[in-house]
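Residue-level listing of the chains:
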Amino acid sequence: MASMAAASTSLQARPRQMVTAVKCFSQGSRSNLSFTLRPLPTRLSVSCAAKPETVDKVCEVVKKQLSLKEGDQVTAATKFAELGADSLDTVEIVMGLEEAFDIEMEEDKAQAIETVEEAAELIEEILKAKA
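From a predicted model like this one, the values you see are computed outputs, not experimental measurements.

## What to know about the nonpolar core
The biggest cluster of nonpolar side chains holds 24 residues, and the ones touching the most others in it are V58, V62, F80, L97, M105, V116 and I123. Counting only elements with at least two residues in this core, the list comes to α1 (52-65), α2 (87-101) and α4 (116-130). A per-element tally of this core places α4 first, with 6 residues. Apart from residues lying up to four places away in sequence, L97 is in contact with V58, V61, D102, I103, M105, A119 and I123.

## Quick look at the packing of aromatic side chains
Per the stated rule, a full pass over the model turns up 0 aromatic pairs. When the ring centre of F101 is taken as reference, the NZ or CZ atom of K57 above it lies at 4.6 Å.

## Overview of a nonpolar patch on the surface
Taken together, the side chains of L88, V91 and M95 make up a nonpolar region of the molecular surface, amounting to roughly 300 Å² of accessible area. Within the secondary structure, L88 sits in helix α2.

## Quick word on the pattern of salt bridges
A complete count under the given rule lists 2 salt bridges for this structure. The closest approach of N and O atoms between K130 and D102, which form a salt bridge, is 3.8 Å. Remark: D102 occurs in the loop between α2 and α3 (107-111) and K130 occurs in helix α4; sequence separation between them is 28 residues. Just as K130 is exposed, D102 falls in that class too. A salt bridge links K109 to E125; its shortest N-O distance comes to 3.0 Å.

## Focus on a negative patch on the surface
On the surface, E53, D56, E60 and E70 cluster together into a patch of negative charge. By secondary structure assignment, the location of E60 is in helix α1.

## A word on unusual backbone geometry
Located in the positive-phi region is S67, a residue other than glycine, with phi close to 50°. On the basis of relative accessibility, which here comes to 62%, the residue S67 falls in the exposed class.

Rules of the game
- Residues numbered from 1 in each chain as written.
- Predicted model: local features only at pLDDT ≥ 70, side-chain atom pairs only at ≥ 80, totals over all residues.
- Heavy atoms only, no water.
- Core = buried A, V, L, I, M, F, W, Y, C linked by side-chain atoms within 4.5 Å.
- Buried < 20%, exposed > 50% of the residue type's maximum accessible area, 1.4 Å probe, protein only.
- Helix = DSSP H or I, 4+ residues; strand = E, 2+ residues; numbered from the N terminus.
- Contact = heavy atoms within 4.5 Å.
- Phe/Tyr/Trp six-rings, centres within 6.5 Å; stacked < 30°, edge-to-face > 60°.
- Lys NZ or Arg CZ within 6 Å of the ring centre and 35° of its normal.
- Patch = residues over 30% accessible without salt bridge, like charges linked within 9 Å, V, L, I, M, F, W, Y side chains within 5 Å.
- Areas by Shrake-Rupley, 256 points an atom, 1.4 Å probe, with all protein chains shown as cover.
- Salt bridge = Lys/Arg side-chain N within 4 Å of Asp/Glu carboxyl O.
- Lys, Arg positive; Asp, Glu negative; His and termini not counted.
- Charge placed at Lys NZ, Arg CZ, Asp CG, Glu CD.

In structure tokens:
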């Protein structure tokens, strides 16, 4: 099974399963068996531990900080680098998130953030500890 994980996020591909069909043919005293194998499509499942409203707010902050157009789509799985963000942009995103959520992120954890989802999960972790 292929899997990728980050924090409490999981993206897993189910192993390819095969459907087997068995046919039996008889001719006189002889019997023949025929097997047909065909692959089923791979399915992905994505789960995010952060609340949807947190992810939405992070998406809005990212759009604002990177001056993205209204039509540009930002989702939980979006990587900052895919949006054209460099390291300075990422620092500005973190500062915008700290201001929007009234929190402070540790520098080492903030530098490890690469996606909207990771940012949302870190924010919820900080808010939970703060409460």
